[in-house]
Amino acid sequence: MGISHYHLSFHVRSYEVGRWGIVSSGTLLRYLEYLATEGSAAAGYPRSWYDEHDTAWVVRQMAFEQERPIELGELLALETWPSQFARIQAHREYLVSSASTGQMLARAHAHWVYVSRQRGLPTRLPVDFTEHAIPDPQEVTLAPAPAFQRVVGESFQFQMALRARRLEADTMGHVNNSVYMDWLEEAVYEAIDALPSSFLEQSEALSPSHRCFVKRAKLDYMKPCLPGELVEIETTCAGMYEGGLAWQQVVTRPATQETLLRAESLWSWLA
């Protein structure tokens, strides 16, 4: 292992779960962001270093999968490491497991870009960066996506609008990357409620109460969003697989018709 492998453990707290007692995928992304921040600090690059250089990391793509939902009270063992550094970017790997049983709970792979805070544009990494944050080229491998039956002859497409709030911004002044996942989850739940019962009956064999969780997702972040901006989320049910539904989502800024984010996800029913 490279010296930049960083380990952390903590219990899932009561305010980090929803009404079903499980961690949302947005909260999982918050865990991963915190883990990366602490890993950077352990490698010699704490927040104060970025403040001095007026730089930051922004995520461009995040892909993750969960073996099962993470539950209230679980003691988690988390690990992260950079797998690659280039001129202006890095790839980072994440593992989350149960500290008591060793069961793997979640895996993730992220593509980050190093930017100037003032200009908001990519900037070169310092020459000595990889001397302290030594990468390990081993990458996390996600399981093959299950085949799903595409929706044919029907259009299950739904729209949701919302306004970004100040409390959703990070230190860059932009909506935090994990908040988008909160938005996407809300949009999918609304879409599930709007799906015809005849369609749900074909898929929802195990969960008549619509209880589900994000089994896997890939998010491509394309443009930043600022507090106060109105956004629209287009959510399309792409099909069903054994145990769940496949979704495609696009977040846009209607004022400029810009695409802010594209996402694909698989949601599994909870018994």
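Here, the structure is the one placed above.
The following refers to the structure shown. (Residues numbered from 1 in each chain as written. Predicted model: local features only at pLDDT ≥ 70, side-chain atom pairs only at ≥ 80, totals over all residues. Heavy atoms only, no water.)

## What to know about the overall build of the protein chain
Here is step 1 of the chain: In terms of regular secondary structure, the protein chain is built from five helices and eleven strands.
Here is step 2 of the chain: Taken over the C-alpha trace, the protein chain has a radius of gyration of 19 Å; the compact-globule value for 271 residues is 18 Å, and the two agree within 12%.
Here is step 3 of the chain: With the principal axes as the frame, the protein chain shows a C-alpha extent of 60 × 50 × 35 Å.
Here is step 4 of the chain: Taking all 271 residues of the protein chain together, the buried fraction comes to 50%.
Here is step 5 of the chain: If you take every contact in the protein chain between residues at least 6 apart in sequence, the share linking residues at least 24 apart comes to 72%.
Here is step 6 of the chain: Carbon and sulfur atoms provide 50% of the accessible area of the protein chain, an area that totals close to 13,400 Å².
Here is step 7 of the chain: Each charge sign in the protein chain was given a centre, from 23 positive and 33 negative side chains, and these centres are 4 Å apart. (Helix = DSSP H or I, 4+ residues; strand = E, 2+ residues; numbered from the N terminus. Rg over C-alpha atoms; globule rule 2.2 N^0.38 Å. Buried < 20%, exposed > 50% of the residue type's maximum accessible area, 1.4 Å probe, protein only. Contact = heavy atoms within 4.5 Å. Areas by Shrake-Rupley, 256 points an atom, 1.4 Å probe, with all protein chains shown as cover. Lys, Arg positive; Asp, Glu negative; His and termini not counted. Charge placed at Lys NZ, Arg CZ, Asp CG, Glu CD.)

## Here's the deal with the environment of R60
Here is step 1 of the chain: Mapped onto the elements of the fold, R60 is located in strand β2 (residues 55-66).
Here is step 2 of the chain: A sequence separation of 76 residues divides R60 from D136, and the C-alpha atoms of the two residues are 20 Å apart.
Here is step 3 of the chain: Those residues in contact with R60 that lie beyond four places of it in its chain are H111, V113, L219, D220 and Y221.

## Notes on the packing of aromatic side chains
Here is step 1 of the chain: In total, this model carries twelve aromatic pairs according to the counting rule given.
Here is step 2 of the chain: On the basis of an interplanar angle of 65° and a centroid distance of 6.0 Å, the ring pair of W20 and Y189 is categorised as edge-to-face. Within this pair, whereas W20 is found in the loop between β1 (6-11) and α1 (25-42), its partner Y189 is found in helix α4 (residues 177-194), the two being separated by 169 residues in sequence.
Here is step 3 of the chain: Take W20: its relative accessible area is 25%, and that puts it in the partly exposed class.
Here is step 4 of the chain: With relative accessibility at 23%, the residue Y189 sits in the partly exposed group.
Here is step 5 of the chain: Ring centres of W49 and F129 lie 6.1 Å apart, and the angle between their planes is 65°; this geometry places the pair in the edge-to-face category. Here F129 lies in helix α3 (residues 129-132) and W49 lies in helix α2 (residues 47-53), a separation of 80 residues in the sequence. A single burial state applies to W49 and to F129, both of which are buried.
Here is step 6 of the chain: Site record: aromatic cluster; members linked through ring pairs are Y45, W49, Y50, W57, F85, Y114 and F129. (Phe/Tyr/Trp six-rings, centres within 6.5 Å; stacked < 30°, edge-to-face > 60°.)

## Brief notes about the environment of L72
Here is step 1 of the chain: Among the secondary structure elements, L72 is positioned in the loop between β2 and β3 (75-85).
Here is step 2 of the chain: Apart from the residues within four sequence positions on either side, L72 is in contact with V12, R13, S14, V17 and G21.

## Section: the environment of E79
Here is step 1 of the chain: Structurally, E79 is set in strand β3.
Here is step 2 of the chain: The class of E79 is buried, set by a relative accessible area of 12%.
Here is step 3 of the chain: A distance of 2.6 Å separates polar atoms of two side chains, one belonging to E79 and the other to H5. (Polar contact = N/O pair within 3.5 Å; in protein donor to acceptor, adjacent residues only side chain to side chain.)

## Details of α1
Here is step 1 of the chain: Over its 18 residues, α1 extends 26 Å from the first C-alpha to the last, a length consistent with the 26 Å expected when each residue adds 1.5 Å.
Here is step 2 of the chain: Turning to α1, its buried residues number three or more, namely S25, G26, T27, L28, L29, Y31, L32, L35, A36, G39 and S40.
Here is step 3 of the chain: G44, located one to two residues past α1, shows a positive phi value of around 105°. (Expected span 1.5 Å × (residues − 1).)

## Observations regarding the pairing of β1
In the case of a regular strand, side chains alternate between the two sheet surfaces.
Here is step 1 of the chain: Taking every second residue as pointing to the same face, the buried face of β1 carries Y6, L8 and F10, while none of H7, S9 and H11 on the other face is buried.
Here is step 2 of the chain: Pairing of β1 with β3, which is carried by six bridges, proceeds in the antiparallel orientation. Residue L8 lies in a different strand from β3, and its bridge partner there is L78. (Pairing = 2+ DSSP bridges.)

## Some thoughts on the side chain of E93
Here is step 1 of the chain: When you line up the elements, E93 lands in strand β4 (residues 89-98).
Here is step 2 of the chain: As a buried residue without a salt bridge, E93 has its nearest oppositely charged side chain in R92, at a separation of 8.6 Å.
Here is step 3 of the chain: Separated by 2.8 Å, the side chain of E93 and the backbone nitrogen of V140 make a polar contact.
Here is step 4 of the chain: Filtering out sequence-adjacent residues up to four positions away, E93 remains in contact with E79, T80, W81, S83, A108, H109, Q138, E139 and V140. (Salt bridge = Lys/Arg side-chain N within 4 Å of Asp/Glu carboxyl O.)

Don't take any of this as a statement about function, it's just geometry.
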